[in-house]
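# Architecture and fold: a report
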Amino acid sequence: MPTRREILNRAFAAAGATLAPRIVPIAPASARRLAPVPGGTFDSGVASGPGFLRRQTLWTRIHGLERDGLVNWELARDPAFAKVVAHGRTTARRAADDTAQVAVERRVIAPGEPHFYRFHTQSANSPVGRFVACRPPDSREPVRIAVWSCQAYEEGFYNAHRGMAAEDVDLVLCLGDYIYERAVKPGVRPDHTGANHDGDVQTLDDYRAKYRLYRADADLQAMHAAHSQLAFWDSHDVEPSPTTGDRDQYGAARRVTHEVRLRNGMQAFLENMPQPAPRTNRDRMYRTVRLGALADLIVTDEQRYHDPYPCSQSIPPSPCEPALDPKRTYLGATQKAWLKRELEHSPARWKLFAGGTMMMSLDLTRGAPFNTGQWDGYVAERRELGEFLLTKRIRDVVRLSGDIHTFFAGQVTTTGRSDGIPALTEFIGGSISSNGIPEGFRDRLGGDPALIAAITEQVKLVNPHIAYTEQRHRGYCIVEARADELIVDFRAPETVLTPGARMVTLQRFRVPRGEPRIELI
Ligand SMILES: [Fe+2]
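Residues numbered from 1 in each chain as written. Predicted model: local features only at pLDDT ≥ 70, side-chain atom pairs only at ≥ 80, totals over all residues. Heavy atoms only, no water.

It is worth spelling out the overall build of the protein chain at this point. Across its full length, the protein chain holds nine helices and 23 strands. Taken over 521 residues, the protein chain has a buried fraction of 62%. When contacts within the protein chain are restricted to residue pairs at least 6 apart in sequence, those whose partners lie at least 24 apart make up 72%. Accessible surface, the protein chain: about 20900 Å² in total, of which carbon and sulfur atoms supply 52%. (Helix = DSSP H or I, 4+ residues; strand = E, 2+ residues; numbered from the N terminus. Buried < 20%, exposed > 50% of the residue type's maximum accessible area, 1.4 Å probe, protein only. Contact = heavy atoms within 4.5 Å. Areas by Shrake-Rupley, 256 points an atom, 1.4 Å probe, with all protein chains shown as cover.)

Following this line, the structure appears as structure tokens:
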């Protein structure tokens, strides 16, 4: 027996092909001095942000916008818009790269239910978007989220987004690298953005062109149209610590200073992500999203507050002494204190502790971390958090992270390795399209498949705290928080090198309530 939500989802899937929404004429707006937008197109699709706080934010961009103007929006409980529950006008702004956002008040939204929305100019209609409203705080229904990161445009097709669009989830969480500020060559499709037409973006116009390129992708548009999304930035969305000299970390000549580039990246990110920024500190990304009684989503910013990465990465790596310095911080003192409070006082069954980078150790030879630009570079702080959870008896904490473009699942211990005490579990859902660890070795070591296979086996061998790793596929993970267990699926397209690939489930996991332990099922 299909649920009401499933019936609506099917109707939404069919609507894309069959519904021709009527054009709603916009009344003259003399009081606001702005005229209705006469035409334009909706080539970037539509999107919605997470429905926490008191509002649900809807987003679109008017391509061909010549001056600020008004666009109509509608919100309905059905994909045919027979039951419109709210409508109004909002402004498409040239200063915000021709985007229009509207914050719909929650009082017109039914908690936990799907809703549908669309925009109109005087002569054009947007595609129909959908979102599931936040569940009420006392909801004990299982809650499902999709988690993804890393979608280098030129490195693969967005087959995973097409798969995610078809998932039945309450929310999508993006853990960063929504864009890449450079492009690698050769890729499977071209990225000619930036002043030099080589994918290297630095000015605000460059960054805006990058977002327009990514958002033109039909599979990414389908994901945004199907789900609301909460997004966080990582090191490719906003430039990390400044480099010395006049070149960036990829060797590109600087056309603007690091500070200007950082601001440009932030502004373009916020223009394109329909999610409310905090009133007092617009750069603050870390926050908690309550998903009903069973899950709190506690998300940290692991990009902006850390001490410099220790040791340079080399192949083969060697032990990194500076990473052990007890004074080093990854989260920064303020964010760390906030995180501890959130974890200790969360009323939810499952504490989904999400952040940009891998928390478990990842050694290439025993005791020699592969990447000190993640928690392996901040050993004391990882121990502090693990011991905090154990001392306070805070159970059912599940880490969700990304950045490394590879699927991993395992236990985070106080040392990061199997000689520590397990404090929480961790799931890392690959990447949408960005190259993974084997591709990185291929670039550095000349592409010997036997060598790649040997390195993969070595990773498994020297990291026994990692219960599962899959290095060939890209993809995402689906997390379902139930009353007595947490279920995680690693999902992947068969390839990202050609469009339209079939989706497969690589592995399903179960975390029993009360123990930081992973079962492969
Ligand atoms: Fe990435």
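Here the narrative resumes, following the displayed structure.
Position of Asp-484 relative to the elements: it lies in the loop between β20 (476-481) and β21 (485-493). Since its relative accessible area comes to 47%, Asp-484 is described here as partly exposed. Those residues in contact with Asp-484, other than ones at most four positions away along the chain, are Arg-349, Trp-350, Arg-510, Pro-512 and Arg-513.

Axis separation between helix α3 (residues 204-215) and helix α5 (residues 258-272) bottoms out at 9 Å; the angle between their running directions is 35 degrees. For the pair α3 and α5, the crossing hand works out as right-handed. Where α3 approaches α5, its residues Leu-204, Tyr-207, Arg-208, Tyr-211 and Arg-215 are matched on the opposing element by Arg-261, Asn-264, Gly-265, Gln-267, Ala-268, Phe-269, Glu-271 and Asn-272. When grouped by side-chain class, the residues that make up the contact of α3 with α5 number five nonpolar, four polar and four charged. (Axes fitted to C-alpha atoms, helices over the stretch in contact; angles between N-to-C directions. Left-handed = near helix turned anticlockwise from the far one by under 90°. Nonpolar A, V, L, I, M, F, W, Y, C, P; charged D, E, K, R; others polar.)

A few words now on the coordination of the iron ion. Listed as protein donors to the iron ion are Cys-150 (SG), Asp-177 (OD), Tyr-180 (OH) and His-405 (NE2); their distances from the metal cover 2.1 to 2.4 Å. Around the iron ion, the four donor atoms sit at angles spanning 85 to 169 degrees, and that spread fits a shape best called irregular. One chain supplies every donor for the iron ion, spaced along it as C-x26-D-x2-Y-x224-H. In this pair, Asp-177 sits in the loop between β9 (171-174) and α3 while His-405 sits in the loop between β16 (397-402) and β17 (407-413), placing the two residues 228 residues apart along the sequence. For His-405, a relative accessible area of 12% gives the class buried. (Donors = N, O, S within 2.8 Å, 3.2 Å for Na, K, Ca; no water. Tetrahedral: all angles 85-135°; square planar, octahedral: opposite > 155°, others 65-115°.)

The next subject is the sheet that holds strand β19 (residues 466-470). An order of β11-β12-β13-β16-β18-β17-β19 is seen for the seven strands of this open sheet, with the pairing classed as mixed. Both outer strands of the open sheet, β11 (287-290) and β19, are each paired with one neighbouring strand and no more. In this sheet, adjacent strand axes meet at a mean angle of 20 degrees when their direction is disregarded. Relative to strand β13 (residues 350-357), strand β12 (residues 295-299) is paired through five bridges, and the arrangement is parallel. By the bridge assignment for β13, Ile-298 is matched with Phe-353. Helix-sheet contacts for helix α6 (residues 333-345) involve β11, β12, β13 and β16, and the interaxial angle to β12 is about 175 degrees. Contacts from helix α7 (residues 379-391) reach β16, β17 and β18 (422-429) within the one sheet, and its direction differs from that of β18 by about 120 degrees. (Pairing = 2+ DSSP bridges.)

At their nearest, the axes of α6 and α7 sit 11 Å apart, and the two run at 25 degrees to each other. Taken together, α6 and α7 sit at an angle that is classed as roughly parallel. Between α6 and α7 lies a crossing of right-handed hand. Side by side, α6 and α7 meet where Lys-336, Leu-339, Lys-340, Leu-343 and Glu-344 of the first sit next to Glu-381, Glu-384, Leu-385, Phe-388 and Leu-389 of the second. In terms of residue class, the contact of α6 with α7 is built from five nonpolar, no polar and five charged. (Parallel < 35°, antiparallel > 145°, perpendicular 65-115°, else oblique.)

Relative to the 16 Å expected for twelve residues at 1.5 Å per residue, α3 spans 16 Å between its end C-alpha atoms, a close match to the ideal helical length. The element α3 is largely enclosed, with a buried count of nine among its twelve residues. Turning to α3, its buried residues number three or more, namely Leu-204, Asp-206, Tyr-207, Arg-208, Lys-210, Tyr-211, Leu-213, Tyr-214 and Arg-215. Close packing links the buried residues of α3 with β2 (55-61), α4 (218-226) and α5. (Expected span 1.5 Å × (residues − 1).)

The next point concerns the sheet that holds β9. With mixed pairing, seven strands are arranged side by side in an open sheet as β10-β9-β8-β20-β21-β22-β23. At either end of the open sheet lies a strand with only one pairing partner, and these are β10 (229-231) and β23 (519-520). As paired elements, β21 and strand β22 (residues 503-512) share nine bridges and run antiparallel to each other. Looking at the pairing, Val-488 lines up with Phe-509 of β22.

The element strand β8 (residues 143-148) is largely enclosed, with a buried count of five among its six residues. By the bridge criterion, five bridges tie β8 to β20 in an arrangement that is antiparallel. Considered in β20, the bridge of Ala-146 is made with Ile-478. For the crossover from β8 across helix α2 (residues 159-165) to β9, the handedness is right-handed. (Right-handed = clockwise from strand over helix to strand, strands pointing away.)

Turning next to the pattern of salt bridges. The final tally for this structure, using the stated rule, is 45 salt bridges. Asp-200 is the salt-bridge partner of Arg-261, the closest N and O atoms lying 3.3 Å from each other. Here Arg-261 is found in helix α5, whereas its partner Asp-200 is found in the loop between β9 and α3, with 61 residues between them in sequence. Comparing Arg-261 with Asp-200 shows no difference in burial state: the two are buried. In this structure, Glu-519 and Arg-517 form a salt bridge, with 3.0 Å as the shortest nitrogen-oxygen distance. (Salt bridge = Lys/Arg side-chain N within 4 Å of Asp/Glu carboxyl O.)

In this structure, Arg-189 sits in the loop between β9 and α3. For Arg-189, a relative accessible area of 11% corresponds to the buried category. A polar contact is formed between the side chain of Arg-189 and the backbone oxygen of Tyr-153, at a distance of 2.8 Å. With residues up to four places along the chain from it excluded, the contact list for Arg-189 reads Tyr-153, Glu-154, Gly-156, Phe-157, Tyr-158 and Asp-217. (Polar contact = N/O pair within 3.5 Å; in protein donor to acceptor, adjacent residues only side chain to side chain.)

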